[in-house]
Amino acid sequence: MKKFFFIPLIFICSFSYAAMTARKDIKVGIIINAQSFVAASNEEFIISDASNRKFKLSKGRAKLSFSGGQLLLDTNKIALPAVISSAKGVIFADKKAYRGYLSVVKSAKGINVINVLSVEDYLKGVVAREASPGWPLESLKAQAVISRTYTLANLNKHKHEGFDMCAQTHCQVYGGASSEYLPSNKAVIKTKGEVLVYGGKFAQTVFHANCGGHTEDPKYVWNWAAQTPPYLEGVKCVYCKNAPHSEWEQTIDESFIRSKLSSYRVGKIKSIKVKGKTPAGSAIDIEILHSNGNLTFNAYKFRLAVDAWKIKSATFESIEKNGTKFTFKGKGWGHKVGLCQWGAKGMADAGKKYKRILSFYYPKTEIVKVEYK
Ligand SMILES: [Zn+2]
Ligand SMILES: [Zn+2]
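Rules of the game
- Residues numbered from 1 in each chain as written.
- Chains lettered and ligands numbered in written order.
- Predicted model: local features only at pLDDT ≥ 70, side-chain atom pairs only at ≥ 80, totals over all residues.
- Heavy atoms only, no water.
- Helix = DSSP H or I, 4+ residues; strand = E, 2+ residues; numbered from the N terminus.
- Contact = heavy atoms within 4.5 Å.
- Areas by Shrake-Rupley, 256 points an atom, 1.4 Å probe, with all protein chains shown as cover.
- Lys, Arg positive; Asp, Glu negative; His and termini not counted.
- Charge placed at Lys NZ, Arg CZ, Asp CG, Glu CD.
- Salt bridge = Lys/Arg side-chain N within 4 Å of Asp/Glu carboxyl O.
- Buried < 20%, exposed > 50% of the residue type's maximum accessible area, 1.4 Å probe, protein only.
- Core = buried A, V, L, I, M, F, W, Y, C linked by side-chain atoms within 4.5 Å.
- Domains from an automatic or database assignment.
- Donors = N, O, S within 2.8 Å, 3.2 Å for Na, K, Ca; no water.
- Tetrahedral: all angles 85-135°; square planar, octahedral: opposite > 155°, others 65-115°.
- Phe/Tyr/Trp six-rings, centres within 6.5 Å; stacked < 30°, edge-to-face > 60°.
- Arc of directions from axis to C-beta.
- pLDDT = per-residue confidence, 0-100.
- Pairing = 2+ DSSP bridges.
- Axes fitted to C-alpha atoms, helices over the stretch in contact; angles between N-to-C directions.

### A word on the overall build of the protein
Thought 1: A count of helices and strands for the protein gives eight helices and 26 strands.
Thought 2: Projected onto its principal axes, the C-alpha coordinates of the protein cover approximately 80 × 70 × 35 Å.
Thought 3: Long-range contacts, defined as pairs at least 24 residues apart, comprise 66% of the intrachain contacts of the protein with a sequence gap of at least 6.
Thought 4: Approximately 19000 Å² of the protein is accessible, and the part contributed by carbon and sulfur atoms is 52%.
Thought 5: Separation of charge centres in the protein, based on 56 positive and 29 negative side chains, amounts to 1 Å.

Right under this line is the structure:
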């Protein structure tokens, strides 16, 4: 008779981390240094100003504007900082809808409008913008976890300006309630509080559009002073193979490239060559032979300097010169570090769950549920 050994659950789960806590609300700078701004609502809303005055406004009727260094409601002067809220509906700021409430403060060059809301509601307006809401739910859930992790790890990014994050690519693209979709909202709700953790700290959940076959070690991309964390060393990925941007070709005029590199005193370009390759197959450096000499610099920086939309990645299959033009053939789109978005979609299409997607692109990390305080 076969003997079975039962391992107590406590040993299997010995990787548990101390509970992670996070602030419940986030302040998002949605309109920065504005000279004018319009607030509205489809429901009754209230403006409370710094002089403890409250202005009740009927739905769909009243608008608030800022001009001449003064916040005005019709002819009433509103003392800043002011709070604009509605117990029933969303508040519009310049025609975009926002959950939570708005805080209007004086800024260096005008006013800042800050959207204050729960981190979870904020994420609904992020996931819909950072990933395609039409993608399979499991890939959206993976995006929700990495966007949440990034958010909670970077809450101090705009501390000196009086808010946590801006609404642009500098932090994360946030479109408010106007940008929400049901599937991306569902992804946020289903993963509520879940973040990616390594060594008891939030993981650096960088991501990109398409890895072209292998994700990249950030040390070749950003010259990180710190050692690459083990979960970002790069993985072989087959899931983005047939997706858009897995292979690309771009022909660019020599004079265009030269104009973009003018600060490097680049003369007429004779040749552009790859110098050294990363284990993932990307160029480490680019060597440019030109009429004033030669220039060698980081391939990722070369891509950004010339045109990151035209040269989609630093993974070159060939660079050929034809007359006055250079033709670049390459694989993938983006810096290629961390999660490959088209690969994540491919994994979800193949029936993989979001936890599997995350452990594939960020191996050795753990999913932990934060406790909001
Ligand atoms: Zn920012
Ligand atoms: Zn990929």
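### A look at the pattern of salt bridges
Once the charged atoms of two side chains with opposite charge are near each other, the side chains can pair.
Thought 1: Tallying each qualifying case throughout the model produces 12 salt bridges.
Thought 2: With a shortest N-O distance of 3.0 Å, D164 and R23 are connected by a salt bridge. With a gap of 141 residues between them, D164 in the loop between helix 3 (137–153) and strand 14 (165–166) and R23 in the loop between strand 1 (21–22) and strand 2 (25–34) connect regions that are remote in the sequence.
Thought 3: Under the relative-accessibility criterion, D164 is labelled buried at 6%.
Thought 4: The exposure class of R23 is partly exposed, given its relative accessible area of 37%.
Thought 5: Across the salt bridge formed by E254 and K268, the nearest N and O atoms sit 3.9 Å from each other. Of the two residues, E254 is situated in helix 5 (residues 254–260) and K268 in the loop between helix 5 and strand 19 (269–277); the sequence distance between them amounts to 14 residues.
Thought 6: Taking the relative accessible area as the measure of exposure, K268 reaches 51% and is therefore exposed.
Thought 7: Overlapping salt bridges, with partners in common, bring together E254, R258 and K268 in one network.

### Some details on the nonpolar core
Thought 1: The biggest cluster of nonpolar side chains holds 53 residues, and the ones touching the most others in it are I30, F37, I47, I84, L102, Y122 and Y174.
Thought 2: Beyond its immediate stretch of four places on either side in the chain, Y174 contacts V28, I30, Y98, N115, L117, Y122, G125, V126 and A167.
Thought 3: In this structure, L232, V235, C237 and Y354 belong to the second largest nonpolar core, which totals 25 residues.

### Here's the deal with the domain arrangement of the protein
How big an interface is tends to be reported as the loss of accessible area on association of its parts.
Thought 1: Assigned domains within the protein: domain 1 (26–117), domain 2 (121–205 + 338–372) and domain 3 (248–330).
Thought 2: Here the C-alpha centre of domain 3 lies 33 Å away from the C-alpha centre of domain 2.

### A word on the coordination of the zinc ion (ligand 1)
Thought 1: With distances of 2.0 to 2.3 Å, the protein atoms coordinating the zinc ion (ligand 1) are H158 (NE2), C166 (SG), H170 (ND1) and C171 (SG).
Thought 2: Around the zinc ion (ligand 1) sit four donor atoms; with metal-centred angles ranging over 100 to 119°, the donor geometry is tetrahedral.
Thought 3: For the zinc ion (ligand 1), all donor residues lie on one chain, and their spacing in sequence is H-x7-C-x3-H-C. Of this pair, H158 sits in the loop between helix 3 and strand 14 while H170 is found in the loop between strand 14 and helix 4 (182–190), placing the two residues 12 residues apart along the sequence.
Thought 4: A residue is classified by how much of its surface remains accessible, and H158, at 8% relative accessible area, is buried.

### A closer look at the coordination of the zinc ion (ligand 2)
Thought 1: Donor atoms from the polypeptide that coordinate the zinc ion (ligand 2) comprise C211 (SG), C237 (SG), C240 (SG) and C340 (SG), at 2.3 to 2.4 Å from the metal.
Thought 2: Seen from the zinc ion (ligand 2), its four donor atoms lie at angles of 103 to 120°, and the figure they make is tetrahedral.
Thought 3: Spacing between the donor residues of the zinc ion (ligand 2) along their common chain follows C-x25-C-x2-C-x99-C. Linking C211 in the loop between strand 17 (207–208) and strand 18 (248–253) with C240 in the loop between strand 17 and strand 18, this pair joins segments that are 29 residues apart in sequence.

### A few points about the packing of aromatic side chains
The description of two aromatic rings rests on the distance between their centres and on the angle between their planes.
Thought 1: Taken as a whole and assessed by the stated rule, the structure comprises 13 aromatic pairs.
Thought 2: Ring plane angle 45° and centroid distance 5.0 Å describe the contact between Y122 and Y174, whose orientation is recorded as tilted. Here Y174 lies in the loop between strand 14 and helix 4 and Y122 lies in helix 2 (residues 119–130), a separation of 52 residues in the sequence.
Thought 3: Classification of Y122 by relative accessible area gives buried; the value is 0%.

### Digging into helix 8 (residues 354–361)
Spacing of three or four residues puts side chains on the same side of an α-helix, whose turn is 3.6 residues.
Thought 1: Among all positions of helix 8, only Y354, I357, L358, F360 and Y361 are buried. For helix 8, the arc enclosing every buried residue in end-on projection is 160°, short of the 170-degree limit, so these residues lie on one face.
Thought 2: Summarising the contacts, the buried residues of helix 8 are in contact with helix 3, strand 15 (194–198), strand 24 (339–340), helix 7 (341–349) and strand 25 (366–369).

### Section: the confidence of the model for the protein
Thought 1: Looking at the protein, the pLDDT average stands at 91 and 94% of residues meet or exceed 70.
Thought 2: This model gives residues 1–16 a pLDDT under 50, and the stretch forms two contacts once residues within four places in sequence are excluded.

### Structural notes on helix 4
Thought 1: Residues of helix 4 that are buried include every one of S184, N185, A187 and V188, and no others. Angular distribution of buried residues about the axis of helix 4 spans 155°; they occupy a single face of the element. Exposed residues pointing more than 90 degrees away from the buried face of helix 4 are listed as L182, I189 and K190.

### Some remarks on the environment of F55
Thought 1: Inspection of the secondary structure assignment puts F55 in strand 5 (residues 54–57).
Thought 2: Distance in space between the C-alpha atoms of F55 and N76 is 9.6 Å, their sequence separation being 21 residues.
Thought 3: With residues up to four places along the chain from it excluded, the contact list for F55 reads F45, I46, I47, D49, L73, N76 and I78.

### Focus on the sheet that holds strand 10 (residues 91–93)
Within a beta sheet, neighbouring strands are joined by backbone hydrogen bonds and run either parallel or antiparallel to one another.
Thought 1: Pairing within the open sheet is antiparallel, and its three strands lie in the order 3-10-11. Each edge of the open sheet is held by one strand with a lone partner, namely strand 3 (39–41) and strand 11 (96–98). Put simply, the sheet's adjacent strands are angled 35° from each other on average, direction ignored.
Thought 2: As paired elements, strand 10 and strand 11 share three bridges and run antiparallel to each other. For I91, the partnering residue across the bridge sits in strand 11 and is Y98.

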